[in-house]
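Geometric and topological summary
The residues making up each chain are set out below.
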Amino acid sequence: MSQLLILAAEKENPLVPPLPELVIGLLAFVIVFGLLAKKLLPNINKVLEERREAIEGGIEKAEAAQTEAQSVLEQYKAQLAEARHEAARLRQEAQEQGATLIAEMRAEGQRQREEIVAAGHAQIEADRKTAASALRQDVGTLATELAGKLVGESLEDHARQSRVIDRFLDELEEKAEATR
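In this text, all values refer to a predicted model and were calculated from it rather than measured experimentally.

Basis of the calculations
Residues numbered from 1 in each chain as written. Predicted model: local features only at pLDDT ≥ 70, side-chain atom pairs only at ≥ 80, totals over all residues. Heavy atoms only, no water. Helix = DSSP H or I, 4+ residues; strand = E, 2+ residues; numbered from the N terminus. Buried < 20%, exposed > 50% of the residue type's maximum accessible area, 1.4 Å probe, protein only. Areas by Shrake-Rupley, 256 points an atom, 1.4 Å probe, with all protein chains shown as cover. Patch = residues over 30% accessible without salt bridge, like charges linked within 9 Å, V, L, I, M, F, W, Y side chains within 5 Å. Salt bridge = Lys/Arg side-chain N within 4 Å of Asp/Glu carboxyl O. Phe/Tyr/Trp six-rings, centres within 6.5 Å; stacked < 30°, edge-to-face > 60°. pLDDT = per-residue confidence, 0-100.

Moving on, we get to the overall build of the protein. Counting secondary structure elements, the protein contains three helices and zero strands. Listed by position from the N terminus, the elements making up the protein come as α-α-α. The buried share of the protein, reckoned over its 180 residues, is 3%. Of the roughly 16200 Å² that the protein leaves accessible, carbon and sulfur atoms contribute 62%.

Together, Val32, Leu36, Leu40, Leu41, Ile44 and Leu48 line one region of the surface with nonpolar side chains, adding up to about 510 Å² of accessible area. Within the secondary structure layout, Leu40 lies in helix H2 (residues 19-151).

Moving on, we get to the packing of aromatic side chains. This model, assessed by the stated rule, comprises one aromatic pair. Centroid distance Phe29 to Phe33: 6.1 Å. Interplanar angle 20°. Geometry classified as stacked. Of this pair, Phe29 and Phe33 both sit in helix H2, separated by four residues, roughly a single helical turn. With respect to class, Phe29 is no different from Phe33; both count as exposed.

Residue placement: Ser162 occurs in helix H3 (residues 158-179). Residues Ser162 and Thr141, spaced 21 residues apart in sequence, show a C-alpha to C-alpha distance of 9.3 Å.

Moving on, we come to the confidence of the model for the protein. Within the protein, residue pLDDT values average 83, and 84% of them lie at 70 or more. Taken element by element, the predicted model of the protein shows its lowest mean pLDDT in helix H1 (residues 2-10) (55) and its highest in H2 (88).

Turning next to the pattern of salt bridges. Enumeration according to the criterion identifies seven salt bridges in this entry. Across the pair Arg89 and Glu86 runs a salt bridge, and its minimum N-O distance is 2.4 Å. On the criterion of helical spacing, the pair formed by Arg89 and Glu86 is a turn pair, its members being three residues apart in helix H2. Its salt-bridge partner being Arg111, residue Glu108 comes within 2.2 Å of it at the nearest N-O pair. Placement of both Glu108 and Arg111 in helix H2 is noted, with a separation of three residues, approximately one turn of the helix. Of the residues examined, Glu108 reaches a relative accessible area of 30% and is grouped as partly exposed.

Laid out in structure tokens, this is it:
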């Protein structure tokens, strides 16, 4: 084993680069890193800053849009409440007009009913008078005929006949009123 170590020491380690290559690689790395930091890093920072501003601007726009939407929603709710109030007012007004119309129609119906009843009473009274007059004539004629048959003479004198009939019917009416 010792011989192996000696052989390994004499040969260069493949994992460790030679010193001049190491120095040149390190200088090249520092130069490339310096150039990147001077030229590329400001551009990257600029792009990142623009992106951050765009995102913040988008958030501000979204907040503004949300605020505007909330405002429009409040206006819509106010208009809806106003429309409901107006509809309730119109409904109440229509109910009042309907009640007034019903009251007017009832009053008109009552007035027409009273007119019809009054006309009916007047017609009944006129019919009663006509019937009474006709009955008076018929009763007078029958009474005259009956009296003529009883007396045995004809009582054809119209003037006398009318006086007798009127007197007889007047007496009947007085007796009828007295019994009431």
